[in-house]
Amino acid sequence: MFKKAIVRKPCRNLVYGLTTANLGKPDYKLALIQHQEYIEALNECGLEVTVLEANENYPDSVFIEDTALLTPHCAIITNPASHSRNGEIIELSQVIENVYPIVETISTPGTLEGGDVMMVGSHFYIGLSERTNLFGANQLIGILAKYGLIGSTVIVENALHLKSGVSYLENNNLLAASGFKNIPEFQKYNSIFVDDDESYAANSLWINNKVLVPKGFPKTKKKIEQAGYTTIEIDVSEFRKLDGGLSCLSLRY
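These notes cover the structure that comes with them. (Residues numbered from 1 in each chain as written. Predicted model: local features only at pLDDT ≥ 70, side-chain atom pairs only at ≥ 80, totals over all residues. Heavy atoms only, no water.)

1. With respect to the overall build of the chain
Stage number 1. Secondary structure summary: the chain contains 6 helices and 15 strands in total.
Stage number 2. Along the first, second and third principal axes, the C-alpha set of the chain runs to 40 × 40 × 35 Å.
Stage number 3. A separation of at least 24 residues holds for 67% of the contacts in the chain among residues at least 6 apart in sequence.
Stage number 4. For the chain, the exposed area adds up to about 11,000 Å²; of that, 50% sits on carbon and sulfur atoms. (Helix = DSSP H or I, 4+ residues; strand = E, 2+ residues; numbered from the N terminus. Contact = heavy atoms within 4.5 Å. Areas by Shrake-Rupley, 256 points an atom, 1.4 Å probe, with all protein chains shown as cover.)

In structure tokens:
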């Protein structure tokens, strides 16, 4: 169960963020409204939320999950693949050090983004993607081992990040886009497969027995509810334009 979360407000320069989505520029004012609704959903899940102010120097800084991994035993500051995001980790490190007694780091030539790390109990699946390389994954596996945790890698071929296409909903249930059907490492879980026309909704977010689901994907929402979960629908259309999803917008611990 999670008790707290950290988020960062969107900045005006959000419109210049990294993207491959080809969905147009985000509406900053609408992004602010959606982000506030996201915070309210975290509160509804029982989380105490720390809200960091916007940082205009870093257009992608609202996607705070990419810059750190918070485990039960330590925090790990990542090393995003894009140089334009490197400064984000400096400021965030100071915030994390105030709440975690042990802070580890991923260093170059390793790259690692939190969107590529999926926690399943004490096991952390690490996606090898355009944003996370083997050097970074191996560093993370070594750090986790120090605290009795396990890490293993998964090749990501059909998504920007691992969690863009697969989300663990606890209770041995895995929500997955069709491109992840044949991943050997995931065959032991009960898979809830997302239809291809709703693949974006594969990035849904379990928090304390509730599941946040992006608005506009009714088939996926229904499947999650049929699996026994209470859902909270959140509109994140403006963050989708920047390849972002529900998990990207917070650090939970």
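2. Notes on the environment of Phe-217
Stage number 1. The topology assignment puts Phe-217 in the loop between β13 (210-214) and α5 (218-226).
Stage number 2. Taking the C-alpha atoms as reference points, Phe-217 and Thr-231, separated by 14 residues in sequence, lie 12 Å from one another.
Stage number 3. Excluding residues that lie within four positions of it along the chain, Phe-217 makes contacts with Glu-198, Tyr-200, Ala-201 and Arg-240.

3. So, the sheet that holds strand β10 (residues 173-177)
Stage number 1. Here we have 3 strands laid out as an open sheet, ordered β9-β10-β11, and mixed in their pairing. Unpaired on one side and paired on the other, β9 (166-168) and β11 (190-194) mark the two borders of the sheet. Strand-to-strand twist across the sheet, computed as the mean angle between neighbouring axes with direction ignored, equals 20°.
Stage number 2. Sheet analysis places β10 next to β11, joined by 5 bridges and oriented parallel. Bridge assignment links Ala-177 to a residue of β11, and that residue is Val-194. (Pairing = 2+ DSSP bridges. Axes fitted to C-alpha atoms, helices over the stretch in contact; angles between N-to-C directions.)

4. A closer look at the pairing of strand β14 (residues 230-234)
Stage number 1. For β13 and β14, the ladder comprises 5 bridges, and the chain directions are parallel. Note on β14: the bridge partner recorded for Leu-212 is Ile-232.
Stage number 2. In this view, the connection linking β13 to its parallel neighbour β14 by way of α5 has right-handed handedness. (Right-handed = clockwise from strand over helix to strand, strands pointing away.)

5. Side note on helix α1 (residues 28-44)
Stage number 1. A rise of 1.5 Å per residue sets the reference length of α1, with its 17 residues, at 24 Å; its end C-alpha atoms lie 24 Å apart and thus fit the reference within 8%.
Stage number 2. Burial in α1 covers these residues: Tyr-28, Ala-31, Gln-34, His-35, Tyr-38, Ile-39, Ala-41 and Leu-42. Here the buried residues of α1 occupy an arc of 155° about the axis, which is enough to place them on one side. Opposite the buried face of α1, by more than 90 degrees, sit the exposed residues Lys-29 and Glu-44. (Expected span 1.5 Å × (residues − 1). Buried < 20%, exposed > 50% of the residue type's maximum accessible area, 1.4 Å probe, protein only. Arc of directions from axis to C-beta.)

6. Some remarks on the sheet that holds strand β6 (residues 117-120)
Stage number 1. The sheet built from 3 strands is open, its strands ordered β6-β7-β8 with mixed pairing. Here the strands that pair on one side only, and so sit at the sheet edges, are β6 and β8 (150-155). On average, adjacent strands in this sheet sit at an angle of 25° to one another, irrespective of strand direction.
Stage number 2. For strand β7 (residues 123-128) and β8, the ladder comprises 6 bridges, and the chain directions are parallel. When the sheet's bridge partners are listed, Ile-126 is paired in β8 with Thr-153.
Stage number 3. Sitting on the sheet, helix α3 (residues 134-146) touches β6, β7 and β8, and the angle it makes with β8 is about 160°.

7. Regarding the nonpolar core
Stage number 1. In terms of nonpolar packing, the biggest core is built from 53 residues, with Leu-42, Met-118, Leu-162, Phe-180, Phe-186 and Leu-212 touching the most fellow members.
Stage number 2. Ranked by residue count, the leading element in this core is α1, at 5 residues.
Stage number 3. Not counting residues up to four positions away in its chain, the partners in contact with Met-118 are His-123, Phe-124, Tyr-125, Leu-162, Lys-163, Val-166, Ser-167, Tyr-168, Leu-174 and Phe-186.
Stage number 4. With 14 residues, the next largest nonpolar core counts Ile-106, Leu-112, Ile-126 and Leu-140 among its residues. (Core = buried A, V, L, I, M, F, W, Y, C linked by side-chain atoms within 4.5 Å.)

8. Details of the pattern of salt bridges
Side chains that differ in charge, positive against negative, can pair when their charged atoms come close.
Stage number 1. According to the stated counting rule, one finds 13 salt bridges in the structure shown.
Stage number 2. In this structure, Asp-195 and Lys-219 form a salt bridge, with 3.1 Å as the shortest nitrogen-oxygen distance. Within this pair, whereas Asp-195 is found in the loop between β11 and β12 (205-207), its partner Lys-219 is found in helix α5, the two being separated by 24 residues in sequence.
Stage number 3. Asp-195 sits in the partly exposed class, given a relative accessible area of 27%.
Stage number 4. Residue Lys-219 is classed as partly exposed on the basis of its relative accessible area of 35%.
Stage number 5. Counted as one network, the salt bridges with shared partners bring together Asp-195, Asp-197, Lys-219 and Lys-223. (Salt bridge = Lys/Arg side-chain N within 4 Å of Asp/Glu carboxyl O.)

The quantities given are spatial measurements derived from coordinates; they are silent on function.
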